[in-house]
Number of protein chains: 2
Amino acid sequence: MERIGYIGLGLMGKSIARNLLRASYPLTVHNRSRGSVRELVDEGAQAANEPRSVAESSDVVITNLPDSDDVESVVLGPGGVVEGCRAGMLFIDNSTIKPETSRKIAERLEQAGVEALDAPVSGGDIGAREGTLAIMVGGRSDAFRRAFPIFEAMGKTITHVGESGAGQVAKACNQVMVAAQMVAMGELLLLAQKSGVDPRRVVEAIRGGSAQCWTLDVKPKRLFSGERSPGFKAEMMHKDLNIVMDTARACGLPLPGTAANHQLFRAMLQMGMRDLDNSAVIGVLEVLAGESLREPDA
Amino acid sequence: MERIGYIGLGLMGKSIARNLLRASYPLTVHNRSRGSVRELVDEGAQAANEPRSVAESSDVVITNLPDSDDVESVVLGPGGVVEGCRAGMLFIDNSTIKPETSRKIAERLEQAGVEALDAPVSGGDIGAREGTLAIMVGGRSDAFRRAFPIFEAMGKTITHVGESGAGQVAKACNQVMVAAQMVAMGELLLLAQKSGVDPRRVVEAIRGGSAQCWTLDVKPKRLFSGERSPGFKAEMMHKDLNIVMDTARACGLPLPGTAANHQLFRAMLQMGMRDLDNSAVIGVLEVLAGESLREPDA
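These numbers come from a predicted model, not from an experiment. (Residues numbered from 1 in each chain as written. Chains lettered and ligands numbered in written order. Predicted model: local features only at pLDDT ≥ 70, side-chain atom pairs only at ≥ 80, totals over all residues. Heavy atoms only, no water.)

Focus: the relation of the copies chain A and chain B
Put simply, the rule reads: For this overlay, a least-squares fit was computed on C-alpha atoms, restricted to residues scoring pLDDT of at least 70 in both copies.
Superposition record for chain A on chain B: RMSD 0.0 Å, screw rotation 180°, translation along axis 0.0 Å. Here the two chains are linked by the operation of a two-fold rotation axis. The position closest to the rotation axis in chain A is occupied by the C-alpha of A:Cys213, lying 2.0 Å away.

Topic: the side chain of B:Asp118
Residue and element names in this part refer to chain B. Rules: Helix and strand definitions here come from DSSP, where helices need a minimum of 4 consecutive H or I residues and strands a minimum of 2 consecutive E residues; each element is numbered from the N-terminal end. When accessible area is computed with a 1.4 Å probe and restricted to protein chains, residues below 20% of their type maximum are described as buried, those above 50% as exposed, and intermediate ones as partly exposed. When charges are counted, Lys and Arg are positive and Asp and Glu negative, with His and the chain ends excluded. Basic side-chain nitrogens of Lys or Arg form a salt bridge, by our definition, when they fall within 4 Å of a carboxyl oxygen of Asp or Glu. N or O atoms closer than or at 3.5 Å make up a polar contact, with two conditions inside protein: a donor-capable atom paired with an acceptor-capable one, and, for residues adjacent in sequence, both atoms drawn from side chains.
For aspartate 118, the location among the structural elements is in strand β6 (residues 115-118). No salt bridge is formed by the buried aspartate 118; its nearest oppositely charged neighbour, arginine 103, is found at 7.5 Å. Of the polar contacts made by the side chain of aspartate 118, one reaches the backbone nitrogen of glycine 167; its length is 2.9 Å. Polar side-chain contacts of aspartate 118 include one of 3.0 Å to the backbone nitrogen of glutamine 168.

Focus on the interface of chain A and chain B
Which entries qualify depends on this criterion: By definition in these notes, contact holds between two residues if any of their heavy atoms fall within 4.5 Å. Buried surface area refers to the total accessible area, computed with a probe of radius 1.4 Å, that the two partners give up upon joining, counted for both partners together.
On the chain B side, the residues contacting the 64 residues of chain A number 64 residues. Regarding the contact of chain A and chain B, the summed buried area is about 4900 Å², with carbon and sulfur atoms giving 70% of it. Connecting chain A to chain B are zero salt bridges. Along the contact surface separating chain A from chain B lie 17 residue pairs in polar contact (both at pLDDT 80 or more).

Overview of the domain arrangement of chain A
All names here are of chain A. We apply this condition: Domain segmentation is taken from an automatic or database assignment of domains. By the convention adopted, Pro, Cys, Tyr, Trp, Phe, Met, Ile, Leu, Val and Ala count as nonpolar, Lys, Arg, Asp and Glu as charged, and the other residues, Gly among them, as polar.
Splitting chain A by domain gives domain 1 (4-163) and domain 2 (169-289). The C-alpha centroid of domain 2 is placed 28 Å from the C-alpha centroid of domain 1. The partner domain 2 presents 14 residues to the 16 residues of domain 1 that form the contact. Here domain 1 and domain 2 share an interface that buries about 1300 Å² over both sides, 68% of which is from carbon and sulfur atoms. Three residues stand out in domain 1 for area buried against domain 2, namely Thr96, Pro99 and Met136, and they jointly supply 32% of the buried area on that side. Applying the counting criterion to the domain 1 and domain 2 interface returns zero salt bridges. Counting across the domain 1 and domain 2 interface gives six residue pairs in polar contact (both at pLDDT 80 or more). Elements with a contribution of two residues or more to the side of domain 1 that touches domain 2: α6 (99-111), β7 (121-122) and α7 (124-130). Grouping the amino acids of the side of domain 1 that touches domain 2 by side-chain chemistry returns nine nonpolar, three polar and four charged.

Let's talk about the pattern of salt bridges
Two side chains of opposite charge can pair, provided their charged atoms sit close to one another. All names here are of chain A. The full count for this structure, using the stated rule, is 41 salt bridges over all chains. The partner of glutamate 50 in a salt bridge is arginine 52, and the shortest N-O contact between them spans 2.8 Å. We classify arginine 52 as partly exposed; its relative accessible area is 30%. Residues joined in a network through salt bridges with shared partners are Lys14, Arg18, Glu39 and Glu43.

With respect to the side chain of A:His262
Residues and elements named next belong to chain A. Residue position: histidine 262 is located in helix α13 (residues 256-270). Within polar-contact distance, the side chain of histidine 262 engages the side chain of asparagine 242 at 2.8 Å. Ignoring sequence-local partners within four residues, the contact set of histidine 262 consists of His238, Leu241, Asn242 and Met245.

A look at the confidence of the model for chain A
The condition is simple: The quantity called pLDDT is the predictor's confidence in a given residue, expressed from 0 to 100.
Predicted confidence across chain A gives a mean pLDDT of 97, with 99% of residues reaching 70 or more. Prediction confidence for the complex, expressed as pTM and ipTM, is 0.96 and 0.96 respectively.

Structural notes on the packing of helix α9 (residues 166-194) of chain A against helix α11 (residues 214-224) of chain A
Residue and element names in this part refer to chain A. Condition: To get an axis, fit a line to the C-alpha atoms, keeping to the stretch in contact for a helix; angles then go from 0 to 180 degrees between the N-to-C directions. Roughly parallel refers to an angle under 35 degrees, roughly antiparallel to one over 145, roughly perpendicular to one between 65 and 115, and oblique to any angle outside these ranges. Handedness of a helix crossing follows the sense of rotation of the near helix relative to the far helix, less than a right angle counterclockwise being left-handed and clockwise being right-handed.
Put simply, α9 and α11 touch, their axes get as near as 11 Å, and they point 50° apart. One element, α9, and the other, α11, form an angle in the oblique class. Pair α9 / α11 crosses with right-handed handedness. In this structure, α9 contributes Gln181, Met182, Met185 and Leu189 to the contact, and α11 contributes Trp214, Thr215, Leu216, Lys219, Pro220, Leu223 and Phe224. Partitioned by chemical class, the residues of the contact of α9 with α11 number eight nonpolar, two polar and one charged.

Here we look at the pairing of strand β1 (residues 4-7) of chain A
Residue and element names in this part refer to chain A. The following threshold applies: Two strands qualify as a pair provided DSSP detects at least 2 bridges between them.
Burial of β1 is two-sided: the residues Ile4 and Tyr6 facing one way and the residues Gly5 and Ile7 facing the other way are all buried. Bridging between β1 and strand β4 (residues 60-63) involves four bridges; their strand directions are parallel. Residue tyrosine 6 lies in a different strand from β4, and its bridge partner there is isoleucine 62. Looking at chain direction, β1 and strand β2 (residues 27-30) are connected through four bridges and run parallel.

Details of unusual backbone geometry
Excluding glycine, a negative phi dihedral is what most residues carry, and trans is how most peptide bonds are arranged. All names here are of chain A. Looking along the chain, the bond that leaves proline 230 and enters glycine 231 is cis, with omega of 10°. Mapping glycine 231 onto the fold places it in the loop between α11 and α12 (234-250). A positive phi is found at serine 24, a non-glycine position, where the angle reads about 75°. In this structure serine 24 comes out as exposed when scored by relative accessible area, which is 52%.

Dropping the structure here:
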């Protein structure tokens, strides 16, 4: 089996790395903070001190980092993956970053004989833990075929979208829909409550019709119990919407709906809710409404 | 079996009435334009000339009409249901109208000994034809129980949401989510295309993740084949969003996301697309983008 190196053990990365271990891949891990590294070492992974040494001991290097600059510096910067790589290595990026950064990294690695795939994921911490993520892949077909068994250890819907960067474009598109659903969910729950109708009954009533979505299937139960921890952090949702709006600007596309949603997630960060789940955008609407979603009687 | 009268044989009403016939209910129908009436008479229904006479020959009268004023005049106006009703009759409204109008009609009918349920539906023309609608019901529990077998002939997810008007509130909430999904779908399809990525591949990639929804499951295939006919008319979507925004105004709730979507559906009507499907709101975005969603090569 290919030796895998995994860099970036955040909320998503740690669960994905664990699923690779469970699938019996020899695994080397690296992360800035050491807690997650120790956990995975206890479960059978090797630790490496920097991205370069991860690359030196791996056939396939995977990154899962917050933003475009982080991936660029971990791969192309000093002590980065590019310094430890050799021809025939495969690079996969599970991060959600700008399509243009993915393309730039792929070009640089190609010069070193390394194939690169952008492979951002969707499905939240639940999907990462349960190995049911949607994986959106950009890059060459032969690299996609080589990576397929690895993707099968992390997710369920695995799609080769197109050339380098196409996975990131698909993820940007994904986040357009997710942001819209999160905001709409917040608005409709408060509309029900303010109209004197139980939001729980409303969710039951509408889940089986045209409004059906993953968001309504998964999130209301958590909100009704007062649970607003991530899941998927508001800060990351806002970052992803930055990518969406930058990508749309670059290709000359107005996105009036997404623009409004983007502003609400920005407000969420400014209101001190950056570490909450993206479904907690209802918190911004609660402030606007002067009324909070009621939790069930204790 | 209860004798049913069905008033309003539009895109949804005709299919629902047909399913009641198939479930062997004795059926009397009325509609302003006569074509649909003749179709259903050929299939075994009786025709009636006005709402009053529908009520006279029915135990349960159901309406399915465009807007609040239409239902009010058909039920409470001259020659209306109220003139032909008697104590013990049940009234059900499948229309999507203002919650306050539903409450007003229920109060008036109650004075005549008639129980009333607001029971708007969701699931589009497909759901109406296949009998898989979501039905959101407001009114008393005993009336809900009496109506339940009738609802089972029309739909699949049948929820007693609360008191009179609560079904309409749930439907307003439903349309908040549907409008958000339709706009987001249009934006993401154009974002993919303008970024040089095949929107078909993007839809395949994101359908299995957090973006999953009925809208992405059902609508893109139609759009990709150039099909923008309803389904569910843009004009009705805009009317439903009028109800949402009026209801939100009445309870003092700002809805920033829905407000933006509402404006896009209004633009759709002004651009001459009122008779197209609600998914055709992408047409507004195409004008803004200066580029149309490409259909597959002929």
